[in-house]
Structures are given as C-alpha cells and as structure tokens.
Amino acid sequence: AQLSVNASPQNTQMIPENMFGIFFEEINHAGAGGLWAELVNNRGFEAGGPNTPSNIDPWLIIGDELNIIVATDRSSCFATNPIALRMEVLCESSGNDVCPPGGVGIYNPGFWGMNIEEAKVYKVSMYIRSSDSMDLTVSLTSSDGLQNLAAYTITADKEDFKEWAKVEFDLQSSERNSNSRLQLTTRTSGIVWFDQVSLMPSDTYMGHGYRKDLASMLANLKPKFFKFPGGDYVMGNYLLNAFRWSETVGPWEERPGHFNDVWGYWTDDGLGFFEFLQLAEDLGACPVWVVNDGASRNEQVPSATIAAFVKDVVDGIEFARGDPGTSWGSVRAAMGHPEPFQLNYISMGNQECSMHYYKENYRKFYSAIKASYPDIKIISSCDRSTISPVEPADLYDVHVYTSSGDMFSKSSMFDSTPRGGPKAIVSEYAVTGNDAGRGTLVAALAEAAFLIGLERNSDAVEMASCAPLFVNDNDRRWSPDAIVFNSWQHYGCPNYWMLHFFKESSGAALHPSTIQVSNYNQLVASAITWQNSKDGNTYLKIKVLNFGNKAVDLSISITGLENEIQTFGSIKTVLTSGSLRDENSFQQPDKVVPVESPISNAREEMSLVLDPYSLTSFDLLL
Ligand code: AHR
C-alpha cells in the first residue's frame, strides 16, 4: 500500500480547537461511588426519598434488637433533606444489659468497600443530636469489623449535642485495606441521631473532591471539552427523578440528592453542577451542559407550561457565569468560585428531537438563552436537515452506537455532508454488542477509524466524545465503557488508549493524505501537524489504521515539508494485540495498550509493515 501525505503548511485544514473531549454520564456509578471521592454511600440516610421509614441501605446495624433499635425519622436539621437516623442503644458497658465488647451501632461499607490507604488522612464530617451523655467511637475497620484501622472517640455530656451539631475530625489509617467500612459504635445507652455522615480522602484531585486516579485518567486524555451530566440521566425515567441542577449546588449537606431512576441507584449529588463546572476548569476543558428541557423518558412538559424550565436553565447559566452580585452568581461565589466559569455550550436535552413538544419548547429555550447570552452555542438534538432560520442551532447532536464493522464504515459518514451551516457534535459514539464485549481491541480500532473520519471531516464536525466514560465494575449497567474501576483499582479499555492517539488533534493542522491499495479496503489514515507547547517542537503525526487480518507493507511518501524530519525524537506507537477480542482487566490492565518504539530511519520516504488489526501512529519530529 502507498500512503501519500502533502505536509505543506499552505495546504491544511484546521481541526477545531475543541474537537476531542469527554462525555460524563452518571451511569454505572461513574460519579457516586466513582469519580466523586466520597466514601460513604447514602450519607444522609435519604436514599428512600423524603418518606419514612427511609431506605438506609447500605448502612447496616451492629448488634441485635435486644441491644439496639435503629429507625429513621424526619428530625434532621436540614429542611431539604429531612431524614435522620435514630439509634436507640439499650445496653451499657457494664451492669445487667451489657453491650458486646465492640459495642453496638451502625456501619457503612461504602460503594462495595471503602479503599483505605496506609498513613493517608481521611476527613470525617457528621451531624449529631442527643440529650444523653455518650462515648461514640468512629472507626475504620476491615469489612468484618474485626480489624481496626483508625478510630476517634467522641465523648459528650448531655448538653453537648442537645441541638444538632457538626463534628469534624481526621482519621489516619495504620494500614491499607481496600474493603473497609466506617463504623459508629458505642457502649453507652441512650438515644442519638445522626445525619450527613461523610468520609473523604484528604488528597483529592486538585483538592476539589474528585478521586485522584480517575480524574488523572481524564486529564491524561487532554480533553478539550467536558460534556455532563448525561445522557438519559439528565432526563430521568420521570421528571421527578431528573437531574435538577439547582438542587445540586450550595453546601453539600443541604443537597437533597435524588434517585437516578434510569440507571437504578441513589446519588447524594456531591458531584453537582458546581463540581462538574469545576472539573471542566481543572481539566482545561470547555464545559458542555446538557440541560433538562422539560422531558423525561416518559413525559414531556407542554409548551404552554415550559416557562419554568426555561427560567431554570437561564438561572443555571447565571449560576455559572453571572457576577457575584447576581442572585445565582452569589451562590457560586459563596462556594468558593467568584470568577465566572467559561460556560459556552448548552445542549438542549438528550436525543429527544422526536418528542411532541421538542421543537416548540426548543425555540423558547433558544430565544431566552440567546437574549441574555448571545455568545452561548446551542446544540440541538435534531439532525442537520431540520435546522433552519426558523429552527436555529449552532451545532446538532449525533449519537452513534453500532457494530464494529459498521463503525469502521462510518469513517466516511460525514464525507458528503454539505459544508456550511451548523456542524455536528458527535457527543456519544461507541461500538456495542457482541463485538464490543467489555471493551475489545476490535471495538477500539473501529472507533479509531470513525475518529480518523471525523478528523478528515472536521469542517463538518466540530466536536466528538465517546460514551460511556466510566464503569464501576460492581454495577455494570452498560458495557463497554472507556475506564473500568472498583474501590481501589482502575484500568483503561483499549478504546481509552486509542483516544490517546487523538489527544494532539484538537486545533492541529490536518494535511491531505491518500491511501492507494488494491483489493484491501481496510486502511484508513490521517496526517496532522501539531506543536508541543512544552518544548515548542513541531510534529507531523500520521495515523494509519489497519482493520484487516493481513500485515500490510506500507510505503509512506511525504511531500511539502519545510523542515527536515529528525530521526532522533521520532516515534512509532502501535495499538494491537494477539486477538481481536482481547480486553484489559484488573488482572491484565496493560494487555492492550499502545507500545512505543523509536523510528530508526525517519525520512520523507519510508517503508514499514503495519500489523494486522492495528492502529499505528508515526510521530515525526520536524
Ligand atoms: O451512553 C449511554 C446512553 O446511551 C445514554 O444515556 C443515552 O444518551 C444513550 O442512549
């Protein structure tokens, strides 16, 4: 096969600055029990909603009904999340009703075990009310409670907690245990109420509450945009359970939390609207906010009564961008971010174009947002053909879920899209079904072909992100996902590593390239030049995907270069594996990862061999 690249700086097309980003959805416990580092699951005992008896799951009781009675009531000091846990202890440290040696109480196993690391500091915060004197031990233990990792005792008189009071302290663990639990135990009789019990590691990403290892995985992709918080999660099965941004901001203790009825779990909304915007900023990515536009999967607000939803979205933009003197801007400022966030993209709902009121409601959202924030780019859920001066949009959203063969062929999906007019944001794409498994090599390669196609068509496509991003291995609601984790481990699937081949593409110069090959339609390629801002070096990056089962002799011919190629510093990177269905796993996290090697003789004319089923990048230092 022959690959010809015209690398002349005069003959380029600029790839959009925000081309490759990430899309976060609260699915598979991606946030609660994942990216958000809170270790206590259901910290406010609110998982059953505001009704009593509430659902305290996964909290469990230590002791039996002869020595402890646990219930929930509506006695919390927080009006927005009224449930508190009431614990009545019937036993004592001595006398007739003696408590078990370890005491009685409650414990929280976190999200399938808390990962506690040796010598690391954990911050406990909790609210207590009691009219009794007590000794309460707050401890980190092994999953069976037998081994103590860290403990703190609260000794209180009858007066100390007569009114609700917040207690904060640190726990430092003596050892490591990835399956720990947090216990609240006592051997003193009496009644005590607990609420909003939180345990956070002290070393979160940028100090902003994100799990460090998982946020670093995102940062390593150098994403240019960060789309959140869903997906269907934004809609909910019912509006009652949709993500409502205003209920996720302000002090964490006062957030009501909500049941994620699409993906089947409770979230305390510690990872709320503010935290999403902050994460985008921390990643150096533009936030793309998917708003609830008055539709759930099963309901839709008619246009006559959509005004409250429109106002809610405009308020949300004020929260993100308003100065601290505005009513919502002041809430953001009070949360520690007086400067506005750079919110420039709003996605109007999630793939609900065909719903009855979508277009009429969309027009109302569009004009209200543009009236106050004309620079904000509005993304329509409808396809390009529906957009017109009457149905305006800055971008239109495309979701692609398909087999690997079809995804490969979709590398030409935008080849004949008319230029001019709104461009696409392909905000969700993934190979699904049998080919995809839990993240196979073949899925990653097919997606690479698709992305090369998007690069080549970046005059018709503005942005792209895969879906879903994360899965907690204990709660797989959707496979495959790019990053897999549990309480203490994580790994990237082949498609996560494939994305590394595109992390220099945003804002780069795309060069014309052609492949000539007979009887083998399995090759796709692109070429860009990009500048490394760290050392100022310029690279010509040529990516070639071989989606067939044959090794290919490839001759590369580069014309139009203004600088000579430097052999020292030029690198070849290959993503491949022994079998198409190979996946990474906790046991073998590096089974399918890119492998780098120097290019011994980097020149304008090169002959190389492409492995079967492989993605190869030639990074040529100019
Ligand atoms: O990515 C998983 C789901 O796929 C999203 O919630 C939805 O937008 C799409 O159908």
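The structure presented is a predicted model; accordingly, all values stated were derived computationally and were not measured. (Residues numbered from 1 in each chain as written. Predicted model: local features only at pLDDT ≥ 70, side-chain atom pairs only at ≥ 80, totals over all residues.)

A.B. asks: Got a minute to help me understand the overall build of the chain in this structure?
C.D. replies: What the chain contains, in helices and strands, is 9 helices and 35 strands. In terms of overall dimensions, the chain is globule-like: its C-alpha atoms have a radius of gyration of 27 Å, near the 25 Å expected for 622 residues. Considering only residue pairs separated by 6 or more positions, the chain has 75% of its internal contacts joining residues 24 or more positions apart. (Helix = DSSP H or I, 4+ residues; strand = E, 2+ residues; numbered from the N terminus. Rg over C-alpha atoms; globule rule 2.2 N^0.38 Å. Contact = placed C-beta atoms within 7 Å.)

A.B. asks: When you look at the packing of helix α4 (residues 307-321) against helix α6 (residues 358-372) in this model, what are you seeing that I'm missing?
C.D. replies: For any two helices packed against each other, one specifies the crossing angle of their axes together with the interaxial distance. Interhelical geometry of α4 versus α6 gives an angle of 30° and a closest axis separation of 10 Å. Relative to α6, the element α4 lies roughly parallel. With respect to the hand of their crossing, α4 and α6 are arranged in right-handed fashion. Between α4, through Val310, Val313, Val314 and Ile317, and α6, the contact on the second element is made entirely by Lys364, Phe365, Ala368, Ile369 and Ser372. A per-class count over the contact of α4 with α6 returns 7 nonpolar, 1 polar and 1 charged. (Axes fitted to C-alpha atoms, helices over the stretch in contact; angles between N-to-C directions. Parallel < 35°, antiparallel > 145°, perpendicular 65-115°, else oblique. Left-handed = near helix turned anticlockwise from the far one by under 90°. Nonpolar A, V, L, I, M, F, W, Y, C, P; charged D, E, K, R; others polar.)

A.B. asks: Quick question: what am I supposed to make of the nonpolar core here?
C.D. replies: Note that soluble globular proteins tend to have their nonpolar side chains buried in a common cluster. In this structure, Phe226, Leu445, Ala446, Ala448 and Ala449 are the most contacted members of the largest nonpolar core, which totals 140 residues. When residues of this core are assigned to domains, at least three fall in each of domain 1 (2-13 + 508-621) and domain 3 (227-273 + 287-393). Beyond its immediate stretch of four places on either side in the chain, Ala446 contacts Ser404, Met407, Phe408, Val431 and Phe547. Listed in part, the 41 residues of the second largest apolar core include Val70, Leu85, Leu140 and Leu182. (Core = buried A, V, L, I, M, F, W, Y, C linked by C-beta atoms within 7 Å. Buried ≥ 20, exposed ≤ 12 C-beta atoms within 10 Å, placed from the backbone. Domains from an automatic or database assignment.)

A.B. asks: Got a minute to help me understand the site of the ligand in this structure?
C.D. replies: Around the ligand sit Glu25, Ile27, Gly230, Gly231, Asp232, Asn350, Gln351, His399, Glu428, Ala467, Pro468 and Trp478, and that is every residue in its neighbourhood. For the shell around the ligand, the residue count by class is 4 nonpolar, 5 polar and 3 charged. (Near = placed C-beta within 6 Å.)

A.B. asks: Is there a simple way to think about the domain arrangement of the chain in this case?
C.D. replies: A common way to report how large an interface is uses the accessible area buried once the components associate. Split into domains, the chain comes out as domain 1 (2-13 + 508-621), domain 2 (60-201) and domain 3 (227-273 + 287-393). The gap between the C-alpha centroids of domain 1 and domain 3 is 40 Å.

A.B. asks: Where do I start with helix α8 (residues 441-456) in this structure?
C.D. replies: Note on helix geometry: an α-helix contains 3.6 residues per turn, so any two residues three or four positions apart are oriented the same way. In this model α8 runs 23 Å from its N-terminal to its C-terminal C-alpha over 16 residues, within 8% of the 22 Å that 1.5 Å per residue would give. With 16 of 16 residues buried, α8 lies mostly within the body of the structure. (Expected span 1.5 Å × (residues − 1).)

A.B. asks: Help me understand the sheet that holds strand β29 (residues 523-531) in this model?
C.D. replies: In any sheet, the strands associate via hydrogen bonds between backbone groups, in a parallel or an antiparallel arrangement. Strand order in the open sheet formed by 7 strands is β2-β27-β29-β30-β35-β32-β33, with antiparallel pairing between adjacent strands. Each having just a single partner strand, β2 (13-14) and β33 (595-598) make up the two edges of the open sheet. Of the strands in this sheet, β27 (509-511), β29, β30 (538-546), β32 (566-575) and β35 (614-621) touch α8, which is tilted by about 60° from β29. (Pairing = 2+ DSSP bridges.)

A.B. asks: Please explain the sheet that holds strand β21 (residues 395-402) as it appears in this structure.
C.D. replies: Ordered in space as β3-β15-β18-β19-β20-β21-β22-β23, the 8 strands form an open sheet in which the pairing is parallel. Bordering the open sheet on either side are β3 (22-23) and β23 (461-464), each of which pairs with just one other strand. Bridge analysis of strand β20 (residues 377-380) against β21 gives 2 bridges, and the strand direction is parallel. Each bridged residue has a counterpart across the sheet, and for Ile379 the counterpart in β21 is Leu395.

A.B. asks: Where do I start with the environment of Ala295 in this structure?
C.D. replies: Along the chain, the position of Ala295 falls in the loop between β18 (286-291) and α4. For Ala295, a count of 26 C-beta atoms within 10 Å corresponds to the buried category. With 61 residues separating them along the chain, Ala295 and Val234 place their C-alpha atoms 9.1 Å apart. With residues near it in sequence (within four places) discarded, Ala295 still touches Met235, Gln300, Gly349, Glu352 and Met355.

A.B. asks: I keep staring at unusual backbone geometry and nothing clicks. Help me out?
C.D. replies: As a rule of thumb, non-glycine residues mostly have phi less than zero, and peptide bonds are mostly trans rather than cis. In the segment running from Asp57 into Pro58, the intervening peptide bond is cis, with an omega of 10°. Residue position: Pro58 is located in the loop between β3 and β4 (60-62). Across the junction of Phe228 and Pro229, the peptide omega takes the value -5°, indicating a cis bond. Tracing the backbone through its elements, the reader meets Pro229 in the loop between β15 (225-228) and α2 (232-235). Although it is not a glycine, Phe45 adopts a positive phi angle of roughly 60°.

A.B. asks: Even after reading the chapter, I still don't get the environment of Ala430, so can you show me in this structure?
C.D. replies: Relative to the helices and strands, Ala430 is located in strand β22 (residues 423-431). According to the C-beta neighbour criterion, Ala430 is buried, with 25 such atoms within 10 Å. Sequence separation between Ala430 and Lys572 is 142 residues, and the spatial gap between their C-alpha atoms is 26 Å. Once residues lying within four places of it in the same chain are set aside, the contact partners of Ala430 are Tyr401, Cys466, Ala467 and Pro480.

A.B. asks: Even after reading the chapter, I still don't get the pairing of β22, so can you show me in this structure?
C.D. replies: For a regular strand, side chains alternate in direction, first toward one face of the sheet and then toward the other. The buried count for β22 comes to 9 of 9 residues, which makes it a mostly enclosed element. Running through helix α7 (residues 404-409), the crossover from β21 to the neighbouring parallel element β22 is right-handed. Taken together, the 3 bridges between β22 and β23 define a ladder with parallel strand orientation. Within β23, the position partnered with Ile425 by the bridge is Met463. Viewed along the sheet, the connection from β22 through α8 into β23 turns out right-handed. (Right-handed = clockwise from strand over helix to strand, strands pointing away.)

A.B. asks: Would you mind showing me how to read α6 here?
C.D. replies: Over its 15 residues, α6 extends 21 Å from the first C-alpha to the last, a length consistent with the 21 Å expected when each residue adds 1.5 Å. Within α6 the residues assigned to the buried category are Tyr358, Asn361, Tyr362, Phe365 and Tyr366. Take α6 and look down its axis: the buried residues cluster within an arc of 140°, on one side only. For α6, the exposed residues set more than 90 degrees away from the buried face come down to Glu360, Ser367 and Ala371. Next to the buried residues of α6 lie α4, β19 (345-348) and β20. (Arc of directions from axis to C-beta.)

A.B. asks: Which parts of the structure should I look at to understand the environment of Ser403?
C.D. replies: Residue position: Ser403 is located in the loop between β21 and α7. Taking the C-alpha atoms as reference points, Ser403 and Leu140, separated by 263 residues in sequence, lie 46 Å from one another. Apart from residues no more than four positions distant in its own chain, Ser403 is found in contact with Val431, Gly433 and Asp435.

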